[in-house]
Every structure is written in structure tokens, then in C-alpha cells.
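In case you want the letters, here they are:
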Amino acid sequence: ELSFNLDYHKTDLVAFKAELVDGMVKQMGLSYEEHANLNVRLRPGSIIAEIRSSMGLASIRTKPLDKLTVMGCKAEFLPPRNVKKEEAPTKVEQIEAKHVQLSARTAQTKAEVTKVRGAMKQEAEFEARQTMARLYQHIAVEEARRKAVAEEEAALKADEDARMSQLVEDLAGFERESKLQ
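About the thresholds
- Residues numbered from 1 in each chain as written.
- Predicted model: local features only at pLDDT ≥ 70, side-chain atom pairs only at ≥ 80, totals over all residues.
- Heavy atoms only, no water.
- Axes fitted to C-alpha atoms, helices over the stretch in contact; angles between N-to-C directions.
- Helix = DSSP H or I, 4+ residues; strand = E, 2+ residues; numbered from the N terminus.
- Parallel < 35°, antiparallel > 145°, perpendicular 65-115°, else oblique.
- Left-handed = near helix turned anticlockwise from the far one by under 90°.
- Contact = heavy atoms within 4.5 Å.
- Nonpolar A, V, L, I, M, F, W, Y, C, P; charged D, E, K, R; others polar.
- Salt bridge = Lys/Arg side-chain N within 4 Å of Asp/Glu carboxyl O.
- Buried < 20%, exposed > 50% of the residue type's maximum accessible area, 1.4 Å probe, protein only.
- Pairing = 2+ DSSP bridges.

> Could you give an account of the packing of helix α1 (residues 13–26) against helix α4 (residues 91–180), with specific residues and numbers?
When two helices pack together, you describe them by how their axes are tilted relative to each other and by the distance separating the axes. Relative to each other, α1 and α4 sit at 55°, their axes nearing to 9 Å. As the angle between them shows, α1 and α4 are arranged oblique. Crossing angle aside, the handedness with which α1 passes α4 is right-handed. Residue-level contacts link Val-14, Lys-17, Ala-18 and Val-21 of α1 to Glu-93, Glu-96, Ala-97, His-99 and Val-100 of α4. Grouping the constituent residues of the contact of α1 with α4 by class yields five nonpolar, one polar and three charged.

Structure, rendered in C-alpha cells:
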């Protein structure tokens, strides 16, 4: 049992349980299997968290539970007491425990989805940059081709103009010679 110096009646107990279980996973390295088999029951007297597990508590006892902080309050160990049959978790408490477990799993899944989406976004951005680079390269090649064609057309036009000038001169020369004869 862990005791937290918080007012039982003024504390959001569902949020407290969620933070407690989340803290056991994140702060103390509780495994997913240990987490899934965890049952936490809260009772008054500050807030007392009775922790049970269908796997047994041996591995959980090895964790630094005294370093656990929930809602800004540090956990304190309470000496073990004999659990009477009527103190077994009620159906509501079992459902609340399942709710906390599912909330923690949902949060973990959402974090994983966010991580995957981030990776996918980075991959998509990388692919988009590669596509843009290929397009710019294609544009540069097409510009170089257009420039080469334009230069070739200009050279052909200059050659044609030179031939036309030569023909005009030759024609003018023939006309002069014909008039002289």
C-alpha cells in the first residue's frame, strides 16, 4: 500500500488512478505485462492506493515505488495489513481499474500513432523534395535544349541571310552585266 498526502474527497480519483498507473510505467519502468495485470484500489485516509497484481507483487516490489510522485505528491509506503474478504475490489473498482488500464493503453497507442505520422510526414516531405529536385533538373535540361535550339535557329537564319545577300549581289551583278551587253 502507498499513501499520498492528498484529500481523498477533493481529488479526482479517476485522474489520480490514471496518473498513478502512468507514473508506475513511466517513472519506474513497469512493463506492459505488469501494467496490464495491475489492479489499484483507492481508499480514504489521505489517499491510500492498494496495489494488487494477478502476476503477484514480487516484481513490482523491486521498483522504486517510494520515488513515485502523483499529482505533485510523493508516495509513502504503509506497512502491509491483512486484507479481509470484504475489502476485495468491488465491481465498480474493477471497472475503474480496467478504465485506467484502457486509458493508459489508449494514450500509448495515440503516442505511437503520432510518432508514425511524424515519420510518415518526414518521409513524404523527403519524397516531395526529391520530386521537386527532379523537376528543377528537368526544367534546367529543357531550358538548355531550348537555348541550344534558339542558337541553332539564329545560326541558320544568319547563314540564310548571308546566302540571301550573296544571291542579291549575284543577281545585281548579272543585271549589270546584262545591261552592259
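Having seen the structure, we can now continue with the description.
> If you had to explain the pattern of salt bridges to someone new, which residues and values would you point to?
Tallied over the full model, the rule gives eight salt bridges. Ionic pairing is found between Lys-26 and Asp-22, a salt bridge with its closest N-O pair at 3.5 Å. Taken as a pair, Lys-26 and Asp-22 lie in helix α1 at a separation of four residues, close to a single helical turn. A residue is classified by how much of its surface remains accessible, and Asp-22, at 31% relative accessible area, is partly exposed. Across the pair Lys-157 and Asp-161 runs a salt bridge whose closest N-O atoms are separated by 3.8 Å. Residue Lys-157 and its partner Asp-161 are both found in helix α4; the two are separated by four residues, about one turn of the helix. For Asp-161, a relative accessible area of 38% puts it in the partly exposed group. Where salt bridges share partners, they join Arg-41, Arg-43, Glu-50 and Arg-52 into one cluster.

> Give a description of the pairing of strand β3 (residues 47–53) that names residues and reports values.
β3 sits mainly inside the fold: six of its seven residues count as buried. Summarising the sheet, strand β1 (residues 2–4) and β3 pair through three bridges and their orientation is antiparallel. Bridging from a neighbouring strand, Leu-2 pairs with Ala-49 of β3. Two elements, strand β2 (residues 38–44) and β3, share seven bridges in a ladder whose sense is antiparallel. Counterpart to Arg-41 in the pairing with β3 is Glu-50. The antiparallel hairpin formed by β2 and β3 contains two residues in its connecting segment, where Gly-45 sits at a positive phi of about 115°.

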